[in-house]
Amino acid sequence: MSLQVFRHWIPTVKDAFDRTLMVAKFFCGLHVTNTFLCTCALAMGPSMLPTLNLTGSLVLVERLSIRFGKMASGEVVLIRSPEEPRKVVIKRIVGVEGDAVGNEEATAVVPKGHIWIEGDNKHNSRDSRQFGPVPYGLLEGRVFWVMWPPEDFGSVGRKVENNSLESSAGCQKT
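The chain goes by Mitochondrial ATP-independent inner membrane protease subunit 1a-like isoform X3 in an unreviewed UniProt entry, where it is assigned to Coffea arabica.

Following this line, the structure appears as structure tokens:
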């Protein structure tokens with residue numbers, strides 16, 4: 001008699017198990033996508049004005065370029081802060097290894113395995129001008145699309161030396 005009671009529950013248990021497995025697969029896929037392919041990030045603050053919004057821009061970040069070493073000067077990147085490792089920041093790559101970077105006062109050559117990052121708003125940004133070159137290993141991904149606010153929706157172009165924007169093509173070393 002007690003076996004008859006359990007037989008009625010078998011389809012329900014199977015259905016619950018199948019649905020649980022489907023949800024688990026979805027979250028595994030989401031985790032892999034977020035970790036290795038693409039993620040969203042919220043950029044706030046004045047350092048990337050006028051490229052990103054002061055009150056917050058929701059951006060898409062792809063992670064494949066950093067894995068294949070396809071980063072170039074002018075790219076906007078998500079990077080782990082060298083000063084506060086729990087924080088990620090969005091800056092623009094100004095120089096890659098071997099490039100000479102600087103201003104009227106001083107020039108530095110970016111060492112092997114490092115990049116030089118700066119905010120687009122030079123007057124209100126904490127970047128490589130304060131803490132020096134950043135190890136390539138701190139790169140989290142390349143910002144390629146602004147999702148929010150709606151008026152900024154679109155591609156984040158690569159800024160070149162003459163302050164114009166172009167697509168994400170390669171860059172010449174200096």
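Right, picking up where we left off after that structure.
Here's the deal with a nonpolar patch on the surface
Residues L42, M44, L58, M147, W148 and F153 make up a contiguous nonpolar surface patch of about 650 Å² in total accessible area. Within the secondary structure, M147 sits in strand β9 (residues 139-148).

Details of the nonpolar core
A41, A43, M48, L52, V59, V61, V76, L78, I90, V143, V146 and V156 together form the largest nonpolar core, which totals 12 residues. Apart from the residues lying within four places of it in its own chain, the contact partners of V143 are V59, L60, V61, V76, V77, L78, I90 and V156. Core analysis: the second largest hydrophobic core is formed by 11 residues, I66, I79, I93 and V134 among them.

What to know about the layout of surface pockets
What the second largest pocket holds in volume is close to 440 Å³. Lining the second largest pocket we find 23 residues, and of these M44, K87, V88, V89 and I90 sit closest to its centre. Among the elements of the structure, β1 (38-43) and β4 (88-96) are those that each provide at least two residues to the lining of the second largest pocket. Looking at the lining of the second largest pocket element by element, the count peaks at four residues for β4. For the lining of the second largest pocket, the per-class residue count stands at 13 nonpolar, five polar and five charged.

Concerning the UniProt feature "domain: Peptidase S26" (unreviewed entry) in the chain
As recorded in UniProt, the sites labelled "domain: Peptidase S26" (unreviewed entry) are residues 31-103 and 107-148. For residues 31-103, the end-to-end C-alpha separation is 42 Å, with 15% helix and 40% strand making up the annotated structure. Overall, residues 107-148 shows 10% helix and 48% strand. The separation of its end C-alpha atoms is 37 Å.

Considerations on the environment of K70
Among the secondary structure elements, K70 is positioned in the loop between α2 (64-67) and β3 (76-80). In this structure K70 comes out as exposed when scored by relative accessible area, which is 59%. Spatially, the C-alpha atom of K70 lies 9.7 Å from that of R142, the residues being 72 residues apart in sequence.

Some remarks on the pattern of salt bridges
On inspection of all chains with the given rule, the structure shows nine salt bridges. When the shortest N-O distance is used, the salt bridge between D15 and R19 registers 3.2 Å. Of the two residues, D15 and R19 are both situated in helix α1 (residues 2-37); the distance of four residues between them amounts to about one turn of the helix. The partner of D120 in a salt bridge is R92, with the nearest N and O atoms 2.8 Å apart. One end of the pair, D120, is in the loop between β7 (114-118) and α3 (128-131); the other, R92, is in strand β4, with 28 residues separating them in the sequence. Residue R92 is classed as buried on the basis of its relative accessible area of 5%. Look at the salt bridges and you will find they share partners, linking E62, E75 and R142 into a network.

Section: the confidence of the model for the chain
Per-residue confidence for the chain averages 88 on the pLDDT scale, and 90% of its residues sit at or above 70. Counted against residues more than four places away or in other chains, residues 162-174, with its pLDDT under 50, gives 24 contacts.

Thresholds, definitions, all that
- Residues numbered from 1 in each chain as written.
- Predicted model: local features only at pLDDT ≥ 70, side-chain atom pairs only at ≥ 80, totals over all residues.
- Heavy atoms only, no water.
- Patch = residues over 30% accessible without salt bridge, like charges linked within 9 Å, V, L, I, M, F, W, Y side chains within 5 Å.
- Areas by Shrake-Rupley, 256 points an atom, 1.4 Å probe, with all protein chains shown as cover.
- Salt bridge = Lys/Arg side-chain N within 4 Å of Asp/Glu carboxyl O.
- Helix = DSSP H or I, 4+ residues; strand = E, 2+ residues; numbered from the N terminus.
- Core = buried A, V, L, I, M, F, W, Y, C linked by side-chain atoms within 4.5 Å.
- Buried < 20%, exposed > 50% of the residue type's maximum accessible area, 1.4 Å probe, protein only.
- Contact = heavy atoms within 4.5 Å.
- 1 Å grid on protein atoms, 1.4 Å probe; cavity = no way out; pocket = protein on both sides within 12 Å on 5 of 7 lines; lining within 4 Å.
- Points joined across faces, edges and corners; volume = space filled by probe spheres on them.
- Nonpolar A, V, L, I, M, F, W, Y, C, P; charged D, E, K, R; others polar.
- UniProt positions renumbered as here; feature names shortened; annotations may be inferred.
- pLDDT = per-residue confidence, 0-100.

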